[in-house]
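Structural description and commentary
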Amino acid sequence: MTTETPTTQTRALHAVSSPKVARASRPGTGPSADVTRLLPRPLLVAIITVLLIIVLGPVLYMLFASVNSDVAVAAGAFFPTELHLDNYLKVWSTVDLGTGLMNSVIICAAVAIVCAFLAVATAYVLVRYEFRGRLTFLRGLLGLQSIPGTLMLLPVFVLFSSTASLLGIQIIGTRWAVFITYLTFALPFSTWVMVTYLRGLPKALEEAARIDGASSWRILTQIVMPLSWPGIVVSGIFAFLLGWNDVLFASVLTNPESRTAAVALQVFGATQEGGAIPLYGQMMAASLICAVPVVVLYLVFQRYLIGGLTSGGVK
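Residues numbered from 1 in each chain as written. Predicted model: local features only at pLDDT ≥ 70, side-chain atom pairs only at ≥ 80, totals over all residues. Heavy atoms only, no water.

1. Thoughts on the pattern of salt bridges
Applying the stated criterion across every chain, the model contains three salt bridges. Arginine 134 is paired through a salt bridge with glutamate 130; the nearest N and O atoms lie 3.9 Å apart. The class of arginine 134 is buried, set by a relative accessible area of 12%. Overall, glutamate 130 belongs to the exposed group, its relative accessible area being 67%. (Salt bridge = Lys/Arg side-chain N within 4 Å of Asp/Glu carboxyl O. Buried < 20%, exposed > 50% of the residue type's maximum accessible area, 1.4 Å probe, protein only.)

Okay, structure coming up:
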């Protein structure tokens, strides 16, 4: 039997309480932390830098070109030789951007809100109830995503024209025509997003509410919807972007009063063809202004896009 001397015990306690030992034993800070890293740190930094250059390069070019002279941009200059901040003021009268932005915000916001809530209600029925034709309906929603939009342009135009002649009202050239079109194409995908999301929600909360006497409508509005905000936001943002980036249907179904921002940019770009030097500065300024609402949308709802609200809902 061996006994430790006080000196040995003191050295052992000092070694255990040493900051170096504490840092080495802390998870994620020792040598074993490098094992979980896929690439070495220098290579990882280099890859991230290259990806940032690829992503931010076009954005920086647009930003610099928007405050540069048209002659310098046409000559291929990347950095502005002289600042032309008046491009952001001229663009409102040159492109008629105010009317386009107002129409786009109204139409796309209405489509996003209506599509999100219709999608969660439809998905709730498809997920929680069994009925004949349920799988056929789900497959039909998925099949609609494989149809190109160019094939639907003529049928949609003829349908609106026939309906307008039958009812004696004007449809083409109004915001309602674009709203119905965007809602038709965004609703199937948004419904699939909500079907996938609602399948992961626990049924125990709904069963407990039903035992307490809650109706299906109350369960949907007071339990399912509050827990489904991340999915609702994703489906709403998809519907918003579908309308915001569309040029094909908006160019056919709108007139100068109901023209969206994307069509306004297209018309402005078309008018620059065949001229001496296109107004590159105003074109880039208008493009950046049109991108601001989408950036703000992501910044406002990013917390719903990152995480779910149902973790820990059922113990």
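2. Thoughts on the confidence of the model for the chain
This prediction gives the chain a mean pLDDT of 81; 84% of its residues lie at or above 70. Predicted confidence in the chain is weakest over helix H2 (residues 19-25), with a mean pLDDT of 45, and strongest over helix H6 (residues 97-128), with 91. Across residues 1-5 the pLDDT falls below 50, and counting only partners more than four positions away or on other chains, this stretch makes one contact in the model. Here residues 15-33 scores under 50 on pLDDT; set against residues more than four positions off or in separate chains, the count is six contacts. (pLDDT = per-residue confidence, 0-100. Helix = DSSP H or I, 4+ residues; strand = E, 2+ residues; numbered from the N terminus. Contact = heavy atoms within 4.5 Å.)

3. Some points on the packing of aromatic side chains
Counting across every chain of the model gives ten aromatic pairs. Summarising the aromatic geometry, the rings of tyrosine 124 and tyrosine 129 are spaced 6.1 Å apart at their centres and angled 80 degrees between planes, so their arrangement reads as edge-to-face. In textbook terms, an aromatic cluster arises when at least three aromatic residues are bridged by ring pairs, as seen for Tyr61, Phe64, Phe78 and Phe79. (Phe/Tyr/Trp six-rings, centres within 6.5 Å; stacked < 30°, edge-to-face > 60°.)

4. Side note on the side chain of glutamine 282
As for its position among the elements, glutamine 282 is in helix H15 (residues 280-306). Residue glutamine 282 is classed as buried on the basis of its relative accessible area of 7%. Within the local environment of glutamine 282, its side chain forms a polar contact with the side chain of threonine 94, the two groups lying 2.9 Å apart. (Polar contact = N/O pair within 3.5 Å; in protein donor to acceptor, adjacent residues only side chain to side chain.)

5. A short note on the environment of tyrosine 280
As for its position among the elements, tyrosine 280 is in helix H15. Taking relative accessible area as the criterion, tyrosine 280 reaches 28% and is therefore assigned partly exposed. A C-alpha to C-alpha distance of 7.9 Å links tyrosine 280 and serine 69, two positions 211 residues apart in sequence. Filtering out sequence-adjacent residues up to four positions away, tyrosine 280 remains in contact with Asp70, Val73 and Ala74.

6. Considering the packing of helix H11 (residues 216-227) against helix H12 (residues 229-244)
It is at 5 Å that the axes of H11 and H12 come closest, and there the two elements cross at 70 degrees. Comparing the axis directions of H11 and H12 gives the class roughly perpendicular. Residues Met225, Pro226 and Leu227 of H11 form the contact with H12, whose participating residues are Trp229, Pro230 and Ile232. Considering only residue class, the contact of H11 with H12 consists of six nonpolar, no polar and no charged. (Axes fitted to C-alpha atoms, helices over the stretch in contact; angles between N-to-C directions. Parallel < 35°, antiparallel > 145°, perpendicular 65-115°, else oblique. Nonpolar A, V, L, I, M, F, W, Y, C, P; charged D, E, K, R; others polar.)

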